[in-house]
Amino acid sequence: MEEKSLDQLLKEKFDQGAEEYDQQRKHVIPCLEDLYQVTADLSTVETSQPNILDLGAGTGLLTSYVYNRYPQGSFTLLDLSGEMLDIARARFQNLDNFSYVAVNYLKHDFEGFFDIVVSSLSIHHLKHQDKKFLYHKVYEHLNPGGVFINADQVLGPHPANEDEYQQNWMDKIDVGYLTESEKRPYMTVWNWIILPV
């Protein structure tokens, strides 16, 4: 049997959980609304009609916060999961300033230049060398004065710090809302999203 790539595994996982994704986020990411609102607040550029790229956009939850700030912007949402992007399409239905691309953003050739590039809770899935490649690629596609904001988790600087961070997160998340099958990925989340260097 052929081993599945990380892309395939992530796509399957997010395709399967697309319908429940937004609701679950609220219970497993402490201060989720603050995370997204601060990201939108930091998305400060000179134009009121920025060209905006969301990497790992999923259901468009982060994009909705940026959209509230820049409703006249042009939005491109990239994600591995077509199922997640279908929910984003429904969220922004009848808006013609949105485009959706189901693709691995690491391998995808960005078209054009952007004033704002955002990503939230996605880039941590990449290996460190791929993160460097992506950051360089984003930089090459930013307009002068453009911004890139990556709101994500990072590995602690020391194993003791990481253990403390993980315990703190487990103490704060509301797994009581989730069913037993829904809890399983979050109880082992650190085992599958932190990749070796």
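Residues numbered from 1 in each chain as written. Predicted model: local features only at pLDDT ≥ 70, side-chain atom pairs only at ≥ 80, totals over all residues. Heavy atoms only, no water.

Enquirer: Mind showing me how you'd approach helix α6 (residues 128–140) here?
Expert: Think of an α-helix as 3.6 residues a turn; residues three or four steps apart then line up on the same face. The terminal C-alpha atoms of α6, which comprises 13 residues, lie 19 Å apart, in line with the 18 Å expected from a rise of 1.5 Å per residue. Listing the buried residues of α6 in full gives Lys131, Leu134, Lys137 and Val138. For α6, the buried positions fall inside an angular range of 125° around the axis, keeping them on one side. In α6, those exposed residues whose orientation departs by more than 90 degrees from the buried face are Lys132 and Tyr139. Buried residues along α6 sit in contact with β1 (51–55), β4 (114–120) and β5 (142–151). (Helix = DSSP H or I, 4+ residues; strand = E, 2+ residues; numbered from the N terminus. Expected span 1.5 Å × (residues − 1). Buried < 20%, exposed > 50% of the residue type's maximum accessible area, 1.4 Å probe, protein only. Arc of directions from axis to C-beta. Contact = heavy atoms within 4.5 Å.)

Enquirer: For this particular structure, what's the right way to read the environment of Asp109?
Expert: Among the secondary structure elements, Asp109 is positioned in the loop between β3 (98–102) and β4. Measuring from C-alpha to C-alpha, the distance between Asp109 and Lys137 comes to 9.0 Å, with 28 residues separating the pair along the chain.

Enquirer: I keep staring at the pairing of β4 and nothing clicks. Help me out?
Expert: Regular strands show a simple pattern: their side chains alternate between the two faces of the sheet. The element β4 is largely enclosed, with a buried count of seven among its seven residues. Of the pairings in the sheet, the one linking β1 to β4 comprises four bridges and is parallel in character. The residue bridging Ile52 from the neighbouring strand is Ile116, located in β4. Of the strand pairs in this sheet, β4 and β5 are connected by six bridges, and their pairing is parallel. (Pairing = 2+ DSSP bridges.)

Enquirer: Would you explain the sheet that holds β5 in this entry?
Expert: The strands making up a sheet associate through backbone hydrogen bonding, with each pair oriented either parallel or antiparallel. Within the open sheet, the five strands sit side by side as β3-β2-β1-β4-β5. Their pairing is parallel. In the strand order of this sheet, the two ends are held by β3 and β5, each with one partner. Strand-to-strand, the axes of this sheet are offset by a mean angle of 15°, without reference to chain direction. Docked against the sheet, helix α3 (residues 32–42) engages β4 and β5, running at close to 170° with respect to β5. Running at roughly 170° to β3, helix α5 (residues 82–91) makes contact with β2 (74–79) and β3 of the sheet. (Axes fitted to C-alpha atoms, helices over the stretch in contact; angles between N-to-C directions.)

Enquirer: Sorry, what's going on with the side chain of Lys137 here?
Expert: Relative to the helices and strands, Lys137 is located in helix α6. Within the local environment of Lys137, its side chain forms a polar contact with the backbone oxygen of His108, the two atoms lying 2.5 Å apart. Not counting the four nearest positions on each side in its chain, Lys137 is found in contact with Tyr105, Leu106, Lys107, His108 and Phe110. (Polar contact = N/O pair within 3.5 Å; in protein donor to acceptor, adjacent residues only side chain to side chain.)

Enquirer: Just checking my understanding: could you explain the packing of aromatic side chains for this structure?
Expert: For any two aromatic rings, the description comes down to two numbers: the centre-to-centre distance and the angle of the planes. On inspection of all chains with the given rule, the structure shows eight aromatic pairs. Between Phe92 and Phe98, the aromatic rings sit 4.3 Å apart at their centres with planes inclined by 15°, giving stacked as the arrangement. Here the two residues Phe92 and Phe98 agree in accessibility, since each one is buried. Taken together through their ring pairs, the aromatic side chains of Tyr67, Phe75, Phe92, Phe98 and Tyr100 make up a single cluster. (Phe/Tyr/Trp six-rings, centres within 6.5 Å; stacked < 30°, edge-to-face > 60°.)

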